[in-house]
Amino acid sequence: MPYDYDRTNIFARILRGEIPCRKVLETAHALAFHDIAPQAPVHVLVIPKGAYVNADHFAAEASDAEIADYTRAIGKVCADLGICPGDGGAGYRLIANSGDAGVQEVPHLHVHILGGKVLGRMLQRTPAE
Ligand code: AMP
């Protein structure tokens, strides 16, 4: 499962401070920021600071510390946004697109946190189906 990480991708540039982001949270191994083109009232992206292309790359090669920190960062962002069902929030959806079939645009692992409204069914049928 060899992955070539493209160091010119836009999230790598955000991590290097070359372009700005609307930061929500930063931890030792993760950065969360608002999506530039939100598709729901809440739309935050959480990325690891390490050079990982997608979720399976991260799962295979990240350290336990990175995985723990990243996972907890996602949970903290949800808590900070007030969307956790266990705390009376309305709920949310996590999405991590990978590769062509997943329609991943930016080749650096990112989890979309979507919420702030009822999001509808998970997938919509395409016209060909
Ligand atoms: P994906 O299709 O899962 O790769 O999603 C990439 C996401 O990155 C899209 O939702 C974009 O709107 C978002 N995006 C692209 N450039 C930026 C940026 N500079 N700051 C914040 N979000 C971005």
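Given the structure is predicted, the values throughout are model-derived calculations rather than measurements. (Residues numbered from 1 in each chain as written. Predicted model: local features only at pLDDT ≥ 70, side-chain atom pairs only at ≥ 80, totals over all residues. Heavy atoms only, no water.)

Draft legend 1. Just helix 3 (residues 64-81), in detail. Taking 1.5 Å of rise per residue, the 18 residues of helix 3 would be expected to cover 26 Å, and the 26 Å separating its terminal C-alpha atoms lies within 8% of that figure. All buried positions along helix 3 are accounted for by Glu66, Asp69, Tyr70, Ala73, Ile74, Val77 and Cys78. (Helix = DSSP H or I, 4+ residues; strand = E, 2+ residues; numbered from the N terminus. Expected span 1.5 Å × (residues − 1). Buried < 20%, exposed > 50% of the residue type's maximum accessible area, 1.4 Å probe, protein only.)

Draft legend 2. A look at the site of the ligand. Taken together, 16 residues surround the ligand, and among them Asp35, Asn97, Glu105, His110 and His112 come closest. Between histidine 110 and the ligand, the recorded distance is 2.8 Å, taken from a side-chain N or O atom to an oxygen atom. About the coverage of the ligand: the protein hides 87% of its 510 Å² of free accessible area. Broken down by secondary-structure element, the contributors of at least two residues to the shell around the ligand are helix 1 (10-15) and strand 2 (30-34). For the shell around the ligand, the element with the highest residue contribution is helix 1, accounting for 3 residues. Its residues placed into classes, the shell around the ligand shows 9 nonpolar, 5 polar and 2 charged. (Near = heavy atom within 4 Å. Polar contact = N/O pair within 3.5 Å; in protein donor to acceptor, adjacent residues only side chain to side chain. Areas by Shrake-Rupley, 256 points an atom, 1.4 Å probe, with all protein chains shown as cover. Nonpolar A, V, L, I, M, F, W, Y, C, P; charged D, E, K, R; others polar.)

Draft legend 3. Looking closely at the nonpolar core. Ala32, Val46, Phe58, Tyr70, Ile74, Val77 and Ile113 are the most contacted members of the largest nonpolar core, which totals 19 residues. Mapped by element, the contributors of at least two residues to this core are strand 2, strand 3 (42-48), helix 3 and strand 5 (111-115). In terms of residues, this core owes the most to one element, helix 3, which gives 5 residues. Grouped together as the second largest cluster of nonpolar side chains are 7 residues, Ile14, Leu31, Phe33 and Leu45 included. (Core = buried A, V, L, I, M, F, W, Y, C linked by side-chain atoms within 4.5 Å.)

Draft legend 4. Layout of the pattern of salt bridges. Taken as a whole, this structure holds 5 salt bridges when the rule is applied. For the salt bridge of glutamate 26 with lysine 23, the shortest nitrogen-to-oxygen distance reads 2.7 Å. Residue classification places glutamate 26 among the partly exposed positions, given a relative accessible area of 42%. In the salt-bridge network here, residues are joined through shared partners; they are Arg13, Arg16 and Glu18. (Salt bridge = Lys/Arg side-chain N within 4 Å of Asp/Glu carboxyl O.)

Draft legend 5. Quick peek at unusual backbone geometry. Positioned with a positive phi, valine 103 is a non-glycine residue whose angle comes to about 55°. Turning to its location among the elements, valine 103 is positioned in the loop between strand 4 (92-95) and strand 5.

Draft legend 6. Local environment of the sheet that holds strand 5. The strand order 1-2-3-5-4 describes an open sheet built from 5 strands, whose pairing is antiparallel. Either end of the sheet is taken by a strand with one partner, and the two such strands are strand 1 (23-26) and strand 4. The sheet shows a mean angle of 20° between the axes of neighbouring strands, direction not considered. Two strands pair when backbone bridges link them, and strand 4 and strand 5 are joined in this way by 4 bridges, in the antiparallel orientation. Looking at the pairing, isoleucine 95 lines up with histidine 112 of strand 5. Strands strand 1, strand 2, strand 3, strand 4 and strand 5 of the sheet are contacted by helix 3, whose axis makes an angle of about 160° with strand 3. (Pairing = 2+ DSSP bridges. Axes fitted to C-alpha atoms, helices over the stretch in contact; angles between N-to-C directions. Contact = heavy atoms within 4.5 Å.)

Draft legend 7. Here's a closer look at the packing of aromatic side chains. Scanning the entire structure with this criterion turns up 3 aromatic pairs. Plain terms: the ring middles of tyrosine 52 and phenylalanine 58 are 5.2 Å apart, the flat faces sit at 75° to each other, and that makes the pair edge-to-face. The pair formed by tyrosine 52 and phenylalanine 58 is uniform in burial state, with each residue classed as buried. An aromatic cluster is defined as three or more aromatic residues linked by ring pairs; in this entry it consists of Tyr52, Phe58 and Tyr70. (Phe/Tyr/Trp six-rings, centres within 6.5 Å; stacked < 30°, edge-to-face > 60°.)

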